[in-house]
Amino acid sequence: MRKFLLALLFGAVILHILLHYIVQMSKSNWPNIPLKTHSEKSSPGVIQTPTQNRIEAKAIKSLAGASPSLRPNIPLKTHSEKSSPGVIQTPTQNRIEANTIKSLVGASPSLRVPTGDQKEVHINESCVNLNYKSLLQMPVINPFLCPEYLKQTTEENSRRMDLPYGIHNGERYLRMVFSKLKNCGLPFNINNSCKKCIVVGSGGVLRNKTLGSKIDSYDVVIRMNDAPVVGYEEDVGRKTTFRFCYPESVMSDPLHYDPNSTIVLLAFKPHDVKWLSELLLNKRASTFGFWRKPPLKMMYGSQQIRILNPVIFREIAHGLLNFPKLFPKNEKPKHPTTGLIGITFAFHICSEVHIAGFKYNLTSQNSSLHYYGSDTMTSMAKTEYHNITAEQMLLKDLVEKKTVINLTPH
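What counts as what
- Starting from 1, residues in each chain are numbered consecutively following that chain's sequence as written.
- At least 70 in pLDDT is required for a residue's local features to be given in this predicted model, at least 80 for side-chain atom pairs to be given and counted, and no such filter applies to totals for whole chains, interfaces and linings, which use all residues.
- Computation of side-chain values covers all heavy atoms of the structure but excludes hydrogens and water.
- The criterion for a disulfide is a pair of cysteine sulfur atoms lying within 2.5 Å.
- Secondary structure follows DSSP: runs of H or I at least 4 residues long count as helices, runs of E at least 2 residues long count as strands, and numbering of each begins at the N terminus.
- With a 1.4 Å probe rolled over the protein chains alone, any residue whose accessible area is under 20% of its type maximum counts as buried; one over 50% counts as exposed, and the rest are partly exposed.
- Only the stretch in contact is used when fitting a helix axis, every axis being a line fitted to C-alpha atoms; angles between N-to-C directions are given from 0 to 180 degrees.
- A clockwise turn of the near helix away from the far one marks a right-handed crossing, whereas an anticlockwise turn of less than a right angle marks a left-handed crossing.
- Throughout, a contact is declared for two residues whenever any of their heavy atoms are within 4.5 Å.
- Three classes are used: nonpolar for Ala, Val, Leu, Ile, Met, Phe, Trp, Tyr, Cys and Pro, charged for Asp, Glu, Lys and Arg, and polar for all others, with Gly counted as polar.
- Between any two strands, pairing holds if DSSP finds at least two bridges.
- If an angle is under 35 degrees, it is roughly parallel; if it is over 145, roughly antiparallel; if it lies from 65 to 115, roughly perpendicular; otherwise it is oblique.

Visitor: I'm lost on the state of the cysteines in this one. Help?
Guide: A covalent bond between the sulfur atoms of two cysteines is referred to as a disulfide. Tallied over the entire structure, the rule returns two disulfides. There is a disulfide in this structure between Cys 197 and Cys 350, and the S-S distance comes to 1.9 Å. In this structure the cystine formed by Cys 197 and Cys 350 twists about its S-S bond by roughly -95°; its chirality is therefore left-handed. Remark: Cys 350 occurs in the loop between helix H12 (338-349) and strand S6 (352-356) and Cys 197 occurs in strand S1 (residues 196-200); sequence separation between them is 153 residues. The exposure class of Cys 197 is buried, given its relative accessible area of 0%.

Visitor: Looking at this structure, how should I read the packing of H12 against helix H14 (residues 388-400)?
Guide: The relative placement of two packed helices is expressed as an angle between their axes plus a distance between the axes. Running from amino to carboxyl end, H12 crosses H14 at an angle of 35°, the nearest separation of the two axes being 12 Å. H12 and H14 meet at a crossing whose hand is left-handed. In contact with Leu 340, Ile 343 and Phe 347 of H12, H14 contributes Glu 391, Leu 394, Leu 395 and Leu 398. Grouping the amino acids of the contact of H12 with H14 by side-chain chemistry returns six nonpolar, no polar and one charged.

Visitor: Help me understand the sheet that holds strand S4 (residues 262-265), please; the structure alone is not making it clear to me.
Guide: Across a sheet, paired strands are connected by hydrogen bonds in the backbone, their directions being either parallel or antiparallel. Across the sheet, seven strands lie side by side as S5-S4-S3-S2-S1-S6-S7; this open sheet has parallel pairing. Looking at the sheet topology across the chains shown, the edges are occupied by strand S5 (305-307) and strand S7 (405-406). As paired strands, strand S3 (residues 242-245) and S4 are joined by four bridges and run parallel to one another. Across the sheet, the residue bridging to Cys 245 is Leu 265, located in S4.

Visitor: Would you mind showing me how to read helix H11 (residues 310-320) here?
Guide: For an α-helix the count is 3.6 residues per turn, leaving residues at separations of three or four pointing the same way. When you tally the buried positions in H11, you get nine out of eleven residues, the bulk of the element. Among the residues of H11, Pro 310, Val 311, Ile 312, Phe 313, Arg 314, Glu 315, Ile 316, Ala 317 and Leu 320 are the ones counted as buried. In this structure, the buried side of H11 is in contact with helix H5 (130-136), H12 and H14. At the exit of H11 stands Asn 322, carrying a positive phi of roughly 60°.

Visitor: I tried to follow the pairing of S6 on my own but got confused; where do I start?
Guide: Within S6, four of the five residues are buried, which leaves the element mostly enclosed by the surrounding structure. Across five bridges, S1 lies against S6 in parallel orientation. Bridging from a neighbouring strand, Ile 198 pairs with His 354 of S6. Sheet analysis places S6 next to S7, joined by two bridges and oriented parallel.

Visitor: Which parts of the structure should I look at to understand the packing of H11 against H12?
Guide: As a packed pair, H11 and H12 sit with axes 9 Å apart at the nearest point and diverge in direction by 110°. Regarding the angle of H11 to H12, the classification is roughly perpendicular. In this structure, H11 contributes Ile 312, Phe 313, Glu 315, Ile 316 and Leu 320 to the contact, and H12 contributes Leu 340, Ile 341, Thr 344, Phe 345 and His 348. A class-by-class count of the residues in the contact of H11 with H12 yields seven nonpolar, two polar and one charged.

Shown next, in the form of C-alpha cells:
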C-alpha cells in the first residue's frame, strides 16, 4: 500500500512538471495580445501591442485636452470622471466613443479636424448668361491665371503676347508668384448657384444716391482700385467680393482691410508681376518703373490674391473696344479702364450684371471725378492711357440693349 501511494505521488509530480512545461512552451508562441476588460471584446482580426496601446492613450489624451475648436465633439469618460447630471452612459457607448476617437487619431490629417483651408468653387457654366457669351464670342474660361499657367496660356494663345494681353514678358516672374499662389478658382465665400452681380465704379455720380443697402444685397460686389467704403457706406455699401487693382492702386491702410474680399491683380507690365513676386517671397520690393509708389507690404493673405487672365484684356480691347493690336508709333497705346475690366470679368461668372458709378460728366471739367476725394474731370481729361469716350459709348450700348442694368444713369 505504501509503495502504491509513493508511486501515485511521484506520478502526480511528473504530471505537474509536464503540464508546467507545456504551458510555458505555449506562452512563448502566443502573440502579445493586450488584456481586455470583462465588458470589452476584441475586434476580429486586430492584434495590438502594449506600445500601440500607450501611443493611442497619449493621442486620445492630447485630443481630449485640445482646445474646443480643434477637439472632435465626442465625450470620453475615464474611470476618474463623472457623467454630467442626468446623463447615463453605457459601456457600449463608451466603447463606440473610444473607437471613434481611435479612428480619428489614425486617420489622415485632412480627416482628423477641420484645417480651415479655403475651398474653391468653380464656375457653373449653366449660369452663364447666353447674351454675355455671345457678346464675348469666346468659350467660358477661368478668369484667373492658375499655377498651371504655361499649359493654360498655351491653350489660350497668350504665351507669345506681352502683358497685359499675354504673359511673354512676365513669364519668369509668374514662376515665382505661383510658387506661393495656389488658388485660381472663385473664392470659398461664393456659392455655386447663379449669381447676381454689381460692378461699382468710382464715379462722382454715386454721391448722395444712398445706394449702400441695395449694393450690399447683391451676391457679388466688384469694386475698383483703392476706392474706399469706410465713411461712404450709405452711398456705396460695405460689401466687397472682388477688388480689381494694379500695384499702384492696391490698398495698404489696415483701416480698409476686408478679410472677405479677393484682390484681382491687373498685370499691365512686367514690373507689376515682379513686385508681387517679391512681396510673396518676403523680399524687398522694388518701386522702379511705377508711376506711383506701390505698397512695400501686402496686407492681404496669399489665399486672397488672384491674377486676371490676359484673355479678358484681349476681349475688351480687341473685341469690345476695337483697339488696334499695334498702335502707331506716334500714338500712345490705349488700355481698358479698371471699371470696364471688372464688368467684362462679371460677364464670365454672373448670370446678371448691374452697374453703378459709371456715369461721367464729360462736358464739365469741374464736376467730381470720384465719389470720394476732390479730383475733378480735369484729371481724366489729361490721361492718354484710356479712351473714355469709346468706353462711355460702349456702356451706353450695353445699357440700351439691356445687357447690363445701370443703377446710376444720371
